[in-house]
Amino acid sequence: MAENDTVGDTGRRKFLIKVTAVAGGAGAAVACLPFISSMNPSADVLAKATTEFDLTGMNPGDMRTVAWQGKPVFILRRTPEQIAAMEASNGGLYPEPDQQRVKQPEWLVVVGVCTHMGCVPNKEGPGWTCHCHGSQYDDSGRVTRGPAPKNLEVPPYRFITADKIVIGEA
Amino acid sequence: MQNKLIKWIDHRFPLTNFVKHELTGYPTPRNLSYWWNFGFLAGFVLVLQVVTGIFLAMHYKPDATLSFDSIQHIMRDVNYGWLLRYMHATGASAFFLVIYIHMARTLYYGSYRAPRELMWWTGQGLLLMLMATAFMGYLLPWGQMSFWGATVITNLFRATPYIGDQVVVWLRGDYTVGDATLTRFFALHYLFPFLIIGGVVVHLVALHTVKSSNPSGIDLAARDNIPFHPYFTSKDFYGLGLFLIVYCSFVFFFPDSMIEPANNIPANPMQTPTHIVPEWYFLPFYAILRSVPNMVGGVAAMGLSVMMFAFMPFLDRSRIPGGASNRPIVRIGFYLFLLNMLVLGYVGATPPTDQIILVGQVATLFYFGSFLLIPFISIAEERWLIKRGLPPEVEALIASEARGKIKLPFRRRSGDIK
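None of these values were measured; they are calculated from a predicted model.

Let's shift gears to the side chain of B:D174. Within the element layout of this structure, B:D174 appears in the loop between helix 8 (164-172) and helix 9 (179-210). Overall, the relative accessible area of 6% leaves B:D174 in the buried class. Discounting chain neighbours no more than four positions away, the residues touching B:D174 are A:P41, A:V45, A:K48 and B:V169.

In C-alpha cells:
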C-alpha cells in the first residue's frame with residue numbers, strides 16, 4: 001500500500017496518538033488536584049475541631065447554643081415529662097429510638113443545623129421549628145415534618161466530668 | 001492624516017471592514033419592534049455592572065471581619081460611594097429584568113427555532129452565569145440575608161449523590177459559610193463577568209451569522225433589511241433613554257427597595273432570620289424548590305426548572321412562522337405561563353403555610369406541564385391552523401418571500417394536508 005510506504009505503520013501511529021492523549025489528559029487532571037484541594041478547609045479551620053462546655057447552671061427545660069466548628073450546637077436539659085414523651089415515640093419521618101440519640105436521657109446534644117438547607121431552627125413549644133422551609137423537630141431532634149430529610153445530627157461528644165462535655169470527640 | 005492612519009491599520013487589521021459589516025452596515029430586519037431592544041439593554045447593563053463593580057472593589061474588603069464595615073465605609077465616607085453601590089445593587093435587578101424580557105420576547109415570537117438554536121443555548125449559558133454571579137455578589141455585604149442565602153444555596157449541593165457533604169465543605173472551604181467562602185466568592189464574582197463578556201461575544205457571533213429574527217417569523221430577503229446605523233442605533237438609544245428613566249428613579253428615589261432590611265444586620269452564624277427570602281429574580285425557582293417535599297427531588301426540580309428553556313427548540317414542533325402572534329393557542333399558553341411565574345414568585349416570597357405550599361405545588365405542576373405539553377399542543381395547533389387557513393397577511397408574506405427565493409424550513413410530516 002502506497003500510504004504505508006510513505007507514512008509507515010498507521011495503526012501504530014494512531015496507537016501512539018491515543019497513548020499520548022491519555023497520558024497528557026491524565027497529567028492535566030492530576031495538575032488540577034492541588035487547585036481543587038486548596039479550596040478544602042485549611043489547617044487553621046480544621047484546628048477548631050473541638051469545643052468544651054460547662055453544664056452547671058442549666059435547669060431542667062433550659063437550652064443553650066454553643067458554637068462548634070462554626071456551627072450552632074443545641075444543648076437541651078430535658079424535663080422528666082419530655083424524656084418520657086420522647087422515649088415513648090419513635091420519631092416521625094426518620095424513625096430512631098430516643099435512647100440511641102443521647103448519652104444521658106437528661107441531656108440532648110444535637111447540631112442546630114436543619115438537615116434540609118442548613119438554617120438554624122428555633123426552639124418553639126415542644127421541639128424546634130425551622131422558619132426557612134417549615135421543617136419541625138421534636139425534643140429528641142427527630143424530624144416530624146418535612147421537607148427536612150433527616151433528624152438533627154448528633155455530634156460526637158463525651159462527658160469529661162459529670163457536668164462538663166467536650167464536643168468533637170467521642 | 002486620519003485616512004492615512006486608517007489605511008495603515010486596514011492593511012494589517014480589518015477595521016473598516018469590521019465596522020462596516022458588523023456595526024454600521026449590519027443588515028437588520030426593518031420590522032423589529034421595541035421588544036428587540038432588550039439585548040442591547042442587557043449589554044449596556046453588563047458594562048454598567050462591570051464599571052461600578054470595579055470602582056466598588058477599590059474600596060471593598062473581602063474579609064469576614066471587615067466586609068460589613070467596608071460597605072458602611074463605602075456608603076458614608078467614599079466620595080459618591082453611595083451612588084456606586086446603589087447603581088450596582090439596582091443594576092443587578094435591572095439586569096435580570098431586561099434578560100427576562102429578552103427571554104420572554106424570544107419565547108413569544110418563537111425566535112429559538114431553527115436556525116437560532118445556538119443563540120438560545122448560548123443565552124441559556126449566559127443566564128446561568130448571570131445567576132451565579134448575582135448569587136456570589138449577594139454574599140459580599142456579609143449581612144444576615146447574605147449569609148443565610150449563601151448557606152441555603154451552598155447546601156443545595158448536599159443533594160450530590162454519595163459525596164454531597166464533602167462537596168458542600170469543599171465549596172465553602174469551612175464547615176459553615178465563613179471567611180474562606182467570602183474570599184473565594186469575591187474572587188469568582190470578579191471573574192465571572194469577564195466569562196460573561198466572552199459568552200456575549202459568542203452569542204453575538206452567532207447572531208451575526210443567522211441575523212436577527214423579526215416579528216413576522218419569516219427570514220426576510222436582503223431587500224427588506226436596512227443598515228443598523230442610523231436606524232437601530234437611534235432606536236436602541238431611544239429605548240436606552242426610557243430604560244435609564246426607570247433605572248435612575250430606583251437608584252435615586254427607591255434605592256433600598258431592592259435591599260432586604262435584614263441585610264443591614266451583620267451576619268450571625270448562630271441565628272437564622274425568621275423569614276429568609278431570596279432576591280426577587282430567584283423567587284419562582286425558590287418556590288419550586290420548596291414545593292417538592294423531598295430534598296433531592298426539590299433540588300433536581302429547581303435545577304430542571306431553569307434548564308427547561310433549553311429544550312424549547314425540541315419541544316416546539318410547530319412550523320407556523322411568527323410565534324405566538326400567529327398561534328392563538330400558544331399565545332394563551334404564553335400569558336398563562338407568565339401569570340404562573342407571578343404566582344410562583346408570590347409563593348416564593350411568602351412564609352410556607354400549608355395553603356401556600358399547596359398553591360406552590362399546583363403552580364410547579366403547571367410550570368413543568370406547560371413545557372411537556374408543548375409538543376402535542378404545537379402539532380395539533382399547526383394542523384388546525386393550516387386546515388382553517390392562515391391569516392391572509394401571513395399567507396401573502398409567505399408568498400412574497402417565496403418569490404424572493406426564501407425557503408421556509410418546512411419539514412414534511414405525515415398527517416399534513418396536501
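Let us look at the interface of chain B and chain A. Interface size is commonly expressed as the accessible surface area that is lost when the partners come together. In this complex, chain B contributes 28 residues to the contact, which on the side of chain A involves 30 residues. Counting each side, the surface lost to burial between chain B and chain A is near 2500 Å², with a carbon and sulfur contribution of 60%. Broken down residue by residue, the surface that chain B buries against chain A is led by B:W170, B:Y175 and B:M270, which jointly contribute 28%. Linking chain B with chain A are 0 salt bridges. Joining chain B to chain A, the criterion identifies 4 residue pairs in polar contact (both at pLDDT 80 or more). Breaking the side of chain B that touches chain A down by element, the ones donating at least two residues are helix 7 (144-155), helix 8, helix 11 (283-291) and helix 12 (295-307) of chain B. Here the element with the most residues in the side of chain B that touches chain A is helix 7 of chain B; it accounts for 4 residues.

Below, the discussion takes up unusual backbone geometry. With an omega dihedral of 5°, the bond running from B:A114 to B:P115 counts as a cis peptide bond. As for its placement among the helices and strands, B:P115 is situated in the loop between helix 5 (81-109) and helix 6 (117-139). In this structure, the amide linkage connecting B:H229 to the following residue, B:P230, adopts the cis form with an omega of 10°. The phi dihedral of A:Q69 is positive, around 55°, even though this residue is not glycine. Locating A:Q69 in the fold gives a position in the loop between strand 2 (63-68) and strand 3 (71-77).

On to the domain arrangement of chain B. Residue and element names in this part refer to chain B. Domain annotation for chain B reports domain 1 (27-276) and domain 2 (289-418). Each of domain 1 and domain 2 has a C-alpha centre, and the two are 25 Å apart. Each side of the interface is counted separately: domain 1 has 28 residues, and domain 2 has 36 residues. Roughly 2700 Å² of surface becomes buried between domain 1 and domain 2 when both sides are summed, with 69% attributable to carbon and sulfur atoms. Considering only the side of domain 1, the residues that lose the most area to domain 2 are Y108, R113 and I218, jointly responsible for 26% of the buried surface there. Joining domain 1 to domain 2, the criterion identifies 0 salt bridges. Within the residue set of the side of domain 1 that touches domain 2, elements represented by two or more residues are helix 5 and helix 6. Ranked by residues supplied to the side of domain 1 that touches domain 2, first place goes to helix 6 with 7 residues. Counted by class, the side of domain 1 that touches domain 2 contains 17 nonpolar, 5 polar and 6 charged residues.

Per the counting criterion, the structure on display carries 10 salt bridges over all chains. Here B:D165 ties to B:R158 by a salt bridge, and the two come within 3.4 Å at their closest N and O atoms.

Rules behind the numbers
Residues numbered from 1 in each chain as written. Chains lettered and ligands numbered in written order. Predicted model: local features only at pLDDT ≥ 70, side-chain atom pairs only at ≥ 80, totals over all residues. Heavy atoms only, no water. Helix = DSSP H or I, 4+ residues; strand = E, 2+ residues; numbered from the N terminus. Buried < 20%, exposed > 50% of the residue type's maximum accessible area, 1.4 Å probe, protein only. Contact = heavy atoms within 4.5 Å. Buried area = accessible area lost by both parts, 1.4 Å probe. Salt bridge = Lys/Arg side-chain N within 4 Å of Asp/Glu carboxyl O. Polar contact = N/O pair within 3.5 Å; in protein donor to acceptor, adjacent residues only side chain to side chain. Domains from an automatic or database assignment. Nonpolar A, V, L, I, M, F, W, Y, C, P; charged D, E, K, R; others polar.

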